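Notes for the structure review
Here is what each chain is made of, one letter per residue.
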Amino acid sequence: MDGTPAFLRSRFKETFPHSGKPKFFRAPGRVNLIGEHTDYNLGFVLPIALDLASYTAAAPDTQGKLCVRSESEGETREWPISSIIDLEPARDWSDYVAGVARELILAGYDVQPANLFVHSTVPLGSGLSSSAAFEVSVALALLNGRDIPPLELVHLCQRAENRFVGMPCGVMDQYASVFGRSGAALQIDCRTRQHQPVPLPEGIAIIAVNSMVKHELGKTAYRERVDECAAAVRIIQERHPLVKSLRDATMRHLETFGPAMPELVYRRARHVITENGRVIEFVKACEAKDLERMGRTFRESHESLRHDYEVSCEELDFLVETALAMPAVFGARMTGGGFGGCTVNLVAPQAAADFKSAIARKYEERFGTAPAVYDCHPSAGAGEMQF
Ligand code: ADP
Ligand code: MG
């Protein structure tokens, strides 16, 4: 199972035998190097788009329907195109599709009846953003080659997830999927919605290790974190109205207003403020090709996510601690929303093969499940595939 043209073409034909020739669209997943839970606080993030991606093959439908087959879910859904705007969420995977179609219609795009076949090589629910990859590849398929400003595409897909799926996610995942660059990470300013490419120094391999724990728990906890951050902002704002989000807050604010905050809210804010600083620190370390400093920033990020933000779990902590005890590992941290999913590791390339087999063996010994391991190569952003 892969994203090759032959595979997509033949599966599309089997699924929709009476459909015309499809067009193909690709949207990548991402691994976030650093800047976790900072995007919805309008701070900084540093993801790379992956060569794991969601692929959508699409052709017009003659029956007036939007029909979508998800290979990952092994299910097909269809709706009369005229009903989409009035749909209620079904609380399953199809909400991502209906949500994107609705947002396109609301933004004034003419969504035509279509048959979609979706195949994703991004693991679902593992913190590598299968959801944004899915949304963006479906949006491109529904646009069917029509132009859309890239930032509008990002916002439209984010709105689909916020409003229809009901996840109050920030902008990082959709942004990384649309703007990804081969050979570089993206430093995104989630307030200005601008980014700059950050080339990664030679001498490190980026390896994601999947705990295989699905982050189901994370959905409620994510919403709680969003609310806790908003609570911190409200307390600071009473005296500093110019502080609109935790992006604007400093450790000085926190020292002053910390005593007025519940201890939990204080720690959440401390994570976000220090994590924004770590993104800047990490980018500087990349520029200086200082691998040790990059690794140290990773380790500090994990500690902060574990103790202040409390979004790690036993399996992720084990993967991080095990990685850090191995030779030639510069840094390791959980990545994505947390409560399962992946860790991201910075490893000396010559030691990468040993690292992968050793971490897999140790994890399986401890938890009885073999982790999936991915080499992460910064890849290009979403678009139509030409072949
Ligand atoms: P992540 O984005 O880190 O993978 P999320 O919980 O945000 O995790 O999104 C995972 C959900 O996205 C899946 O449970 C599923 O509902 C939906 N999804 C992603 N990719 C696909 C796909 N190819 N087919 C169907 N649903 C998908
Ligand atoms: Mg997601």
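Residues numbered from 1 in each chain as written. Chains lettered and ligands numbered in written order. Predicted model: local features only at pLDDT ≥ 70, side-chain atom pairs only at ≥ 80, totals over all residues. Heavy atoms only, no water.

1. Observations concerning the overall build of the protein chain
Helix and strand counts for the protein chain come out as 11 helices and 13 strands. Expected size for 387 residues packed as a compact globule is a radius of gyration near 21 Å; at 21 Å, the protein chain falls within 12% of this value. Oriented by its inertia axes, the alpha-carbon framework of the protein chain measures out at about 65 × 55 × 35 Å. Once local pairs closer than 6 in sequence are excluded, the contacts in the protein chain between residues at least 24 apart make up 72%. A total of about 15,700 Å² of accessible surface is found on the protein chain, and carbon and sulfur atoms cover 51% of it. Each charge class in the protein chain was averaged separately, 42 positive and 49 negative side chains, and the resulting centres sit 3 Å apart. (Helix = DSSP H or I, 4+ residues; strand = E, 2+ residues; numbered from the N terminus. Rg over C-alpha atoms; globule rule 2.2 N^0.38 Å. Contact = heavy atoms within 4.5 Å. Areas by Shrake-Rupley, 256 points an atom, 1.4 Å probe, with all protein chains shown as cover. Lys, Arg positive; Asp, Glu negative; His and termini not counted. Charge placed at Lys NZ, Arg CZ, Asp CG, Glu CD.)

2. Quick word on the sheet that holds strand β5 (residues 75–80)
Read across the open sheet, the six strands follow the order β5-β4-β6-β3-β1-β13; overall the sheet is mixed. This sheet does not close on itself; its edge strands, each paired only once, are β5 and β13 (383–385). Pairs of neighbouring strands in the sheet enclose a mean axial angle of 25°, with direction left out of account. By the bridge criterion, nine bridges tie strand β1 (residues 23–32) to strand β3 (residues 47–60) in an arrangement that is antiparallel. (Pairing = 2+ DSSP bridges. Axes fitted to C-alpha atoms, helices over the stretch in contact; angles between N-to-C directions.)

3. A short note on the packing of aromatic side chains
For the structure shown, the criterion picks out nine aromatic pairs. With 5.2 Å between their ring centres and 50° between their planes, Phe12 and Phe16 make a pair best called tilted. A centroid spacing of 6.1 Å and a plane angle of 50° characterise the contact between Tyr96 and Phe134, whose relative ring orientation is tilted. Taken together, the positions of Tyr96 in helix α2 (residues 94–106) and Phe134 in helix α3 (residues 130–143) put the pair 38 residues apart, joining distant regions of the chain. Like Phe134, Tyr96 is buried. Members of the aromatic cluster, joined through ring pairs, are Trp93, Tyr96 and Phe134. Just above the ring of Phe367 sits the side chain of Arg366; from NZ or CZ to the centre is 4.5 Å. (Phe/Tyr/Trp six-rings, centres within 6.5 Å; stacked < 30°, edge-to-face > 60°. Buried < 20%, exposed > 50% of the residue type's maximum accessible area, 1.4 Å probe, protein only. Lys NZ or Arg CZ within 6 Å of the ring centre and 35° of its normal.)

4. Overview of the site of ligand 1
Taken together, 19 residues form the shell around ligand 1, and within it Ser70, Gly125, Gly127, Ser130 and Ser131 come nearest. Note that an oxygen atom of ligand 1 is positioned 2.8 Å from one of the backbone N or O atoms of Gly125. In this structure, an oxygen atom belonging to ligand 1 sits 3.4 Å away from a main-chain N or O atom of Ser129. Surface burial for ligand 1 is 89%, taken as the share of its 570 Å² of free accessible area covered by protein chains. Listing elements by their share of the shell around ligand 1, those giving two or more residues are β6 (114–120) and α3. Considering every element that reaches the shell around ligand 1, the biggest residue donor is α3, with three residues. (Near = heavy atom within 4 Å. Polar contact = N/O pair within 3.5 Å; in protein donor to acceptor, adjacent residues only side chain to side chain.)

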